[in-house]
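# Examining the three-dimensional arrangement
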Amino acid sequence: MLSIQEAGAPHEHEESLGFSTQRPDLMAAGSPAGGERPYHMIVFGASGFTGRFVVEEVSRACSAGPGGTVRWAIAGRNRDRLEKVLLQTAEALSKPELRSVEVIVADVAQPESLAIMCKQGVVILNCVGPYRFYGEPVVKACIENGAHYIDICGEPQFLEGIQLNYHSKAQEKGVYVIGSCGFDSIPADLGILYTRDQFKGIMIQCCIAYPHSNLHFCLVGTLTAVESFLTVSTGPEGGCGHETTWQSAVFGFADSASLRSLRKKFGHEPLPVVGAGIKKRGALFYSKEIEQYSIPFMGSDSSVVRRTQRYMHQDHQQSPVQYAAYVGIGGAFSVVKTLFAGLMFWLMSKFSIGRSLLIQYPEIFSFGMFSKAGPSKKQACAFNRKNKNLPEMEGTSFCLSFFGEGYSEGQDPSQSKPDAAITTQIKGPEPGYVATPITMVQAAITLLTEPQSLPVRGGVYTPGSAFARTTLIERLNKHGVQFCVANTQKP
């Protein structure tokens with residue numbers, strides 16, 4: 001068993017439209033349990049690797065909360081370490097007032113401490129991973145004590161297990177449990193919704209531009225399939241991930257049979273396929289779209305998007321979008337390295353001794369992509385020299401491109417090929433430790449300030465299910481995670 005770690009990130013070290021119309025409890029820093037609470041947000045695992053970045057981001061964004069400010073606290077196992085985080089953040093951001101932020105001592109191994117923490121906050125930002133080991137006690141404590149919950153988990157087994165076991169309980173309590181609010185998987189999940197809305201907008205523009213065409217009676221088009229391709233560019237210092245993300249991948253891959261078994265318990269019928277089926281790709285292929293070799297993306301994006309599409313179809317009668325996620329790996333040399341590392345990872349993760357070696361030596365077996373120390377501050381981010389409230393990257397960035405196709409109104413998807421296409425993109429800073437805190441904190445602020453746009457009842461939701469009718473995308477655009485339309489093909 002691993003020791004308890006205070007962090008998280010992509011997991012790190014340490015319904016009618018069924019949306020509510022009035023939730024003053026959130027706006028007034030109250031809670032589903034009723035009554036005023038001292039803090040809008042509590043960052044749990046604040047002294048862990050990713051937790052420290054989340055603390056910095058909360059301190060930057062705290063003026064956007066209810067009433068113009070966020071009342072917040074940090075929590076974790078060790079008071080001294082937590083106070084040190086506040087001191088370092090105050091110095092880095094030139095905000096001496098951060099030294100007075102409240103510190104709460106709480107430990108996932110001590111349920112009573114979690115209960116005390118959860119009773120003090122409206123929203124708990126859980127940064128303690130791997131979530132398969134340390135996430136459930138926090139979710140349970142939040143539901144029992146009336147605090148909403150947000151995490152940055154990229155582990156499908158944990159996310160889907162929480163939905164299976166806690167959705168009804170969260171509904172009864174009016175608590176929102178929203179997982180995967182980091183780079184895994186807000187860009188992918190909201191990116192699909194953004195692409196769908198932009199595709200419909202293009203069809204409307206087409207109808208206005210050509211009022212006497214065969215499409216003059218149309219209102220919207222139907223997006224039926226989307227492929228996403230992730231590319232990451234590192235700066236001169238290079239880049240790497242923290243070991244806890246690596247640990248989550250090792251344990252998740254080794255326990256993939258349990259995920260298949262878990263999914264059978266939902267008893268879901270397959271979602272209907274509208275229009276032409278999505279392209280079939282191999283395990284390794286050259287992508288003309290991004291002009292480099294690509295492989296399937298092994299994170300939580302496909303799982304999260306599929307859950308959102310099911311929710312939209314079953315609860316809002318929307319046509320489901322087929323989705324496939326890929327990541328670019330570069331040229332021929334990268335292909336050789338990826339094949340070798342993938343084969344070794346696959347073999348070693350099957351046996352306990354192999355898993356132990358993978359976890360003990362992440363830098364060796366990941367070819368430097370992950371390490372026990374994680375990225376240096378220079379690799380992850382540097383503060384803007386003119387304004388320390390704004391993060392500045394030294395060349396590290398991501399681009400998530402969505403290639404969608406569908407049908408203009410009046411076209412029968414069962415009888416014809418797609419006649420319209422769209423390409424959208426999301427661009428942003430280093431994904432794991434800059435973009436992830438941004439998306440997590442903005443999701444929490446959206447939950448606090450836009451309760452009228454959330455689903456009517458509490459429950460366990462994906463980001464897309466929870467935030468589809470909010471301004472979260474606009475908030476992200478203002479904070480450096482940019483959504484845009486790159487190309488369109490009209491009928």
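Treat the numbers as computed from the prediction; the structure is a model and nothing was measured. (Residues numbered from 1 in each chain as written. Predicted model: local features only at pLDDT ≥ 70, side-chain atom pairs only at ≥ 80, totals over all residues. Heavy atoms only, no water.)

## Remarks on the overall build of the protein chain
The following threshold applies: Strands here are runs of E lasting at least two residues and helices are runs of H or I lasting at least four, both read from the DSSP assignment and numbered beginning at the N terminus. Burial classification: accessible surface area is computed with a 1.4 Å probe over protein chains only, and a residue below 20% of its type maximum counts as buried, one above 50% as exposed, and the rest as partly exposed. All accessibility values rest on the Shrake-Rupley procedure with a 1.4 Å probe; residue burial counts only the protein chains present in the view.
Within the protein chain one finds 18 helices and 18 strands. The burial tally for the protein chain puts 56% of its 491 residues in the buried class. Counting only carbon and sulfur atoms, one obtains 54% of the accessible surface of the protein chain, whose full area is about 20,700 Å².

## Description of the confidence of the model for the protein chain
Basically, it comes down to this: A residue's pLDDT is simply how confident the predictor is in it, with values from 0 to 100. Residues count as neighbours in contact if any of their non-hydrogen atoms are within 4.5 Å of one another.
Summary statistics for the protein chain give a mean pLDDT of 86 and a share of 84% for residues scoring 70 or more. Ignoring residues within four places in sequence, the model shows residues 212-219, a span with pLDDT below 50, making 15 contacts including any to other chains. Scored below 50 in pLDDT, residues 382-390 makes 24 contacts in the model with residues more than four places away or belonging to other chains.

## So, the pairing of strand 15 (residues 397-407)
Our working definition: By this definition, two strands are paired if DSSP reports at least two bridges between them.
With respect to burial, strand 15 is a largely interior element, eight of its eleven residues being buried. Pairing analysis gives eleven bridges linking strand 7 (residues 222-233) to strand 15, with the strands arranged antiparallel. Across the sheet, the residue bridging to Leu-230 is Leu-400, located in strand 15. When strand 15 meets strand 16 (residues 420-429), the two strands line up antiparallel, connected through ten bridges. Note on strand 16: the bridge partner recorded for Cys-399 is Lys-427.

## Remarks on helix 12 (residues 332-348)
We count it as follows: Expected helix span is taken as 1.5 Å per residue step, with the number of steps being one fewer than the number of residues.
Taking 1.5 Å per residue, 17 residues should reach 24 Å; helix 12 reaches 24 Å between its end C-alpha atoms and fits that length. As for helix 12, its buried residues are in contact with helix 9 (243-254), strand 10 (292-296), strand 11 (322-330), helix 13 (352-360) and helix 14 (362-365).

## Quick word on unusual backbone geometry
Omega for the peptide link from Gly-129 to Pro-130 comes to 0 degrees, which places this bond in the cis form. With respect to the helices, strands and loops of the structure, Pro-130 is situated in the loop between strand 4 (121-126) and helix 5 (131-134). The omega torsion across Asp-184 and Ser-185 is 0 degrees, close enough to zero to call that bond cis. Within the secondary structure, Ser-185 is located in the loop between strand 6 (176-178) and helix 8 (186-209). Located in the positive-phi region is Glu-291, a residue other than glycine, with phi close to 60 degrees. Residue position: Glu-291 is located in the loop between strand 9 (285-287) and strand 10. The class of Glu-291 is exposed, set by a relative accessible area of 60%. Within the chain, Gln-317 stands out as a residue other than glycine whose phi angle is a positive 55 degrees. Here Gln-317 shows up in the loop between helix 11 (301-316) and strand 11.

## Description of the packing of helix 2 (residues 49-61) against helix 3 (residues 79-93)
Heads up, the condition is: To obtain each axis, a line is fitted to C-alpha atoms, and for helices this fit is confined to the stretch in contact; angles are then taken between N-to-C directions over 0 to 180 degrees. Here the angle decides the label: under 35 degrees means roughly parallel, over 145 means roughly antiparallel, 65 to 115 means roughly perpendicular, and every other value means oblique. By convention the crossing between two helices is left-handed if the near helix lies anticlockwise of the far one by an angle smaller than a right angle, and right-handed if it lies clockwise. Under the scheme applied here, ten amino acids are nonpolar (Ala, Val, Leu, Ile, Met, Phe, Trp, Tyr, Cys and Pro), four are charged (Asp, Glu, Lys and Arg), and all others, including Gly, are polar.
Contact geometry of helix 2 with helix 3 gives a least axis separation of 10 Å together with a crossing angle of 50 degrees. Taken together, the axes of helix 2 and helix 3 lie oblique to each other. In the crossing of helix 2 with helix 3, the sense of the turn from one axis to the other is right-handed. Contacts between helix 2 and helix 3 involve Arg-52, Val-55, Glu-56, Ser-59 and Arg-60 from the first element and Val-85, Thr-89 and Leu-93 from the second. Looking at the contact of helix 2 with helix 3 residue by residue, the classes come out as three nonpolar, two polar and three charged.

## Brief notes about the environment of Gly-331
Tracing the sequence through the fold places Gly-331 in the loop between strand 11 and helix 12. A relative accessible area of 36% places Gly-331 in the partly exposed class.

## Some points on the pattern of salt bridges
Which entries qualify depends on this criterion: Take a side-chain nitrogen of Lys or Arg and a carboxyl oxygen of Asp or Glu: if they are within 4 Å of each other, that pair is a salt bridge.
This model, assessed by the stated rule, comprises eleven salt bridges. With a closest N to O distance of 3.8 Å, Arg-60 and Glu-56 form a salt bridge. Here Arg-60 pairs with Glu-56, and both are found in helix 2, just four residues apart, close to one helical turn. Taken as a pair, Arg-60 and Glu-56 share a single burial class, namely buried. The partner of Arg-281 in a salt bridge is Glu-227, and the shortest N-O contact between them spans 2.9 Å. Highlighted residues: Arg-281 in the loop between helix 10 (256-266) and strand 9 and Glu-227 in strand 7, separated in sequence by 54 residues. Here Arg-281 falls in the partly exposed class, since its relative accessible area comes to 26%. Take Glu-227: its relative accessible area is 5%, and that puts it in the buried class. Counted as one network, the salt bridges with shared partners bring together Glu-227, Lys-279, Arg-281 and Glu-289.

## Section: the nonpolar core
Keep this limit in mind: Nine residue types can take part in a nonpolar core, namely buried Ala, Val, Leu, Ile, Met, Phe, Trp, Tyr and Cys, and a core is a set of them joined through side-chain atoms within 4.5 Å.
By size, the foremost hydrophobic cluster in this structure holds 105 residues, and its most contacted members are Phe-44, Ile-74, Met-117 and Leu-125. In terms of residues, this core owes the most to one element, helix 16 (residues 431-449), which gives ten residues. Met-117 has contacts with Ile-42, Phe-44, Ala-75, Ile-104, Ala-106 and Ile-124, leaving out every residue within four places of it along the chain.

## Here we look at the environment of Pro-156
Tracing the backbone shows Pro-156 in helix 7 (residues 156-173). Separated by 100 residues in the primary sequence, Pro-156 and Ser-256 have C-alpha atoms spaced 9.7 Å apart. If we ignore the near neighbours within four places in the chain, the residues touching Pro-156 are Gly-161, Leu-259, Arg-263, Ser-300 and Ser-303.

## Thoughts on the sheet that holds strand 1 (residues 39-44)
Strand order in the open sheet formed by seven strands is 3-2-1-4-5-6-17, with parallel pairing between adjacent strands. With partners counted over all chains shown, the strands left at the sheet margins are strand 3 (102-105) and strand 17 (459-461), one partner each. Each neighbouring strand pair of the sheet contributes to a mean axis angle of 20 degrees, computed without reference to strand direction. Sheet analysis places strand 1 next to strand 4, joined by five bridges and oriented parallel. Bridging from a neighbouring strand, Val-43 pairs with Leu-125 of strand 4.

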